[in-house]
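Summary of the model geometry
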Amino acid sequence: MKALFLAGGMGTRLKPLTDDLPKPMVPMMAKPLMERNMLKLKDCGVDEIILSTSYKPQKIKDYFGDGAKLGLKIHYVCEDIPLGTGGAIKNTQEFFDDTFIIFNADILSNINIIDMLKFHKEKRASVTIAVTRVENPSQYGVIEYNEDLYAESFTEKPKPSEIKSNYINAGIYIFEPNVLKEIPGSKVVSIERETYPLLLEKGYPIAVYKSKEYWMDIGTIEKYRQAHQDILNGSYPLPEHGENSKGTFVAPNAKIHSTARITAPVYIGENASIQAYATIGPNTIIGNGCTVGINCKITNSIVWDKINIHNSTDVSGVILNTQILNGKKRSNAEHEVKKGKALSPIA
Ligand code: GDD
Ligand code: MG
């Protein structure tokens with residue numbers, strides 16, 4: 001089965017994390033968010049993935065290549081000028097001749113895709129959209145539906161007076177390829193604002209798959225932090241967690257000095273080295289290949305991969321990433337970690 005990832009957005013609201021990295025590549029517990037989603041889809045029977053890219057596509061290609069390392073076949077389609085969500089789907093039309101899945105690449109979710117596929121067939125739908133309940137729908141696409149679970153209206157980013165439901169488009173769709181003919185080619189199209197209302201008007205059945213599973217759009221720094229917190233709290237178990245770990249994970253090959261103090265919940269990645277008298281946690285992620293020096297204290301923080309934290313650094317509540325330290329944002333990062341001492345990435 002094939003799945004399309006919409007991965008071309010600029011990730012503006014996630015800046016500066018997306019200054020040098022497309023949003024789907026931001027690490028979520030030491031693995032790119034999109035890799036976590038790809039592996040979930042693989043478990044549901046997906047073997048071929050089409051990546052619709054536009055912003056910094058090379059970063060994505062360099063990491064995933066042809067997909068062989070993940071046991072997947074990956075194709076890339078790149079838009080020189082972003083075509084919008086609908087235009088991006090149309091632009092990949094040639095790949096699809098059977099039922100396929102579409103995923104907004106900035107979602108972290110436990111939505112049960114196998115169950116959703118079954119529901120799609122039962123409903124004989126042309127499109128099925130996963131929906132989830134949120135307290136404030138204003139940043140999302142609100143969907144109204146009837147008692148038979150077919151969509152009746154779409155309101156994208158509603159004003160407070162327009163909010164008629166708390167169920168929103170969760171950014172996961174199942175499509176029948178025949179609907180693609182309804183999207184105009186070679187132009188900017190919004191699937192949410194233009195195509196879905198048009199499909200309704202033309203009488204295509206659009207089913208709504210309601211899910212109570214964990215769901216989060218990683219669109220802002222606040223949501224990015226929240227998702228990590230949710231994982232640490234056990235709301236979104238990772239495969240490496242196994243059973244009963246309650247969101248805490250220390251990679252078996254991480255080197256933790258016997259005098260270091262680790263306070264759960266934490267995530268300590270592959271080949272990380274935690275040196276003498278360092279304190280890690282609570283609520284802290286140390287990425288793969290990081291070194292945390294002697295006597296450091298790192299709490300409530302997210303540290304990306306391969307970062308070397310010098311001895312006696314004391315930081316709390318920060319996101320440490322290589323771009324910030326390497327690039328033009330260096331001064332901001334230094335400002336951010338002023339409480340600590342020198343801090344530098346491993347080249
Ligand atoms: N290829 C391509 N080209 N991808 C795009 C483009 C484009 O022009 N524009 C956006 N994308 C990708 C983004 O990278 C992201 O993965 C996905 O499409 C959705 O775009 P966002 O910019 O994140 O949209 P949003 O979060 O404001 O709203 C969308 O997602 C919500 C759920 O998270 C809408 O689908 C809402 O209706 C929905 O509720
Ligand atoms: Mg989004």
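Residues numbered from 1 in each chain as written. Chains lettered and ligands numbered in written order. Predicted model: local features only at pLDDT ≥ 70, side-chain atom pairs only at ≥ 80, totals over all residues. Heavy atoms only, no water.

1. Some details on the overall build of the chain
When you go through the chain residue by residue, the secondary structure sums to eight helices and 25 strands. Its C-alpha atoms give the chain a radius of gyration of 21 Å, within 12% of the compact-globule value 20 Å for 347 residues. Expressed along its principal axes, the backbone C-alpha trace of the chain runs to roughly 65 × 40 × 40 Å. For the chain, buried positions account for 55% of its 347 residues. Long-range contacts, defined as pairs at least 24 residues apart, comprise 57% of the intrachain contacts of the chain with a sequence gap of at least 6. Accessible area of the chain: about 15,600 Å², with a carbon and sulfur share of 48%. Mean positive and mean negative side-chain charge positions of the chain (41 and 39 charges, respectively) differ by 6 Å. (Helix = DSSP H or I, 4+ residues; strand = E, 2+ residues; numbered from the N terminus. Rg over C-alpha atoms; globule rule 2.2 N^0.38 Å. Buried < 20%, exposed > 50% of the residue type's maximum accessible area, 1.4 Å probe, protein only. Contact = heavy atoms within 4.5 Å. Areas by Shrake-Rupley, 256 points an atom, 1.4 Å probe, with all protein chains shown as cover. Lys, Arg positive; Asp, Glu negative; His and termini not counted. Charge placed at Lys NZ, Arg CZ, Asp CG, Glu CD.)

2. Thoughts on the site of ligand 1
Near ligand 1, the surroundings consist of 26 residues, among which Leu6, Gly84, Asn169, Glu192 and Asp217 are the closest. Contact between ligand 1 and serine 52: a nitrogen atom at 2.7 Å from a side-chain N or O atom of the residue. Within the side chain of glutamate 156, a nitrogen or oxygen atom sits 2.8 Å from an oxygen atom of ligand 1. Isolated, ligand 1 exposes 740 Å² of accessible area, and the fraction of that covered by the protein chains is 90%. The pocket occupied by ligand 1, as judged from atoms lying within 2 Å of grid points, is the largest pocket. (Near = heavy atom within 4 Å. Polar contact = N/O pair within 3.5 Å; in protein donor to acceptor, adjacent residues only side chain to side chain. 1 Å grid on protein atoms, 1.4 Å probe; cavity = no way out; pocket = protein on both sides within 12 Å on 5 of 7 lines; lining within 4 Å. Sits in = over half its atoms within 2 Å of the grid points.)

3. Remarks on the sheet that holds strand E14 (residues 261-262)
Pairing is parallel across the open sheet formed by four strands, whose spatial order is E14-E17-E20-E23. Strand pairing shows two members of the sheet lacking a second neighbour, E14 and strand E23 (314-316), which therefore form its edges. Alignment of strand E17 (residues 279-280) against strand E20 (residues 297-299), held across two bridges, turns out to be parallel. Pairing of threonine 279 across the sheet is with lysine 297, part of E20. (Pairing = 2+ DSSP bridges.)

4. Notes on the coordination of the magnesium ion (ligand 2)
Bound to the magnesium ion (ligand 2) on the protein side are Asp106 (OD) and Asp217 (OD), at distances that span 2.0 to 2.3 Å. Of this pair, aspartate 106 sits in the loop between strand E4 (100-104) and strand E5 (107-109) while aspartate 217 sits in strand E11 (residues 215-217), placing them 111 residues apart in sequence. On the basis of relative accessible area, aspartate 217 is assigned to the buried category, the value being 15%. (Donors = N, O, S within 2.8 Å, 3.2 Å for Na, K, Ca; no water.)

5. Comments concerning the pairing of strand E1 (residues 2-7)
Across the six residues that make up E1, a large majority, five, are buried. Pairing of E1 with strand E2 (residues 48-53), which is carried by six bridges, proceeds in the parallel orientation. Bridging from a neighbouring strand, lysine 2 pairs with glutamate 48 of E2. Considered for its hand, the β-α-β crossover made up of E1, helix H1 (residues 33-43) and E2 is right-handed. Here E1 pairs with E4 via four bridges, running parallel. Looking across to E4, one finds that phenylalanine 5 is bridged to phenylalanine 103. (Right-handed = clockwise from strand over helix to strand, strands pointing away.)

6. Examining the pattern of salt bridges
One pass over the full model with this rule turns up eight salt bridges. Taking the shortest distance from any N to any O, the salt bridge between aspartate 20 and lysine 59 comes out at 3.4 Å. In this pair, aspartate 20 sits in the loop between E1 and H1 while lysine 59 sits in helix H2 (residues 57-64), placing the two residues 39 residues apart along the sequence. Among the residues examined, aspartate 20 registers a relative accessible area of 33% and is labelled partly exposed. Using a relative accessible area of 34% as the deciding quantity, one classes lysine 59 as partly exposed. One salt bridge in this structure joins lysine 121 and glutamate 176, with 3.8 Å as the shortest N-O distance. One end of the pair, lysine 121, is in helix H4 (residues 113-122); the other, glutamate 176, is in the loop between strand E9 (167-175) and helix H5 (191-201), with 55 residues separating them in the sequence. (Salt bridge = Lys/Arg side-chain N within 4 Å of Asp/Glu carboxyl O.)

7. Describing the pairing of E9
Of all nine residues making up E9, nine are buried, and the element is well covered by its neighbours. Pairing of strand E6 (residues 127-133) with E9, which is carried by six bridges, proceeds in the antiparallel orientation. Counted as the bridge partner of threonine 132 is isoleucine 168 from E9.

8. Thoughts on the domain arrangement of the chain
Structurally, the chain comprises domain 1 (2-217) and domain 2 (240-337). Each of domain 1 and domain 2 has a C-alpha centre, and the two are 32 Å apart. With ten residues of domain 1 in contact, the opposing surface of domain 2 contributes twelve residues. Buried area between domain 1 and domain 2, summed over both chains or domains, comes out near 970 Å², and the portion from carbon and sulfur atoms is 68%. A per-residue breakdown of the area domain 1 buries against domain 2 is headed by Leu17, Met29 and Ala30, which together make up 51% of the total. For glutamate 240, the salt bridge goes to arginine 36, with nearest N and O atoms at 2.8 Å. (Domains from an automatic or database assignment. Buried area = accessible area lost by both parts, 1.4 Å probe.)

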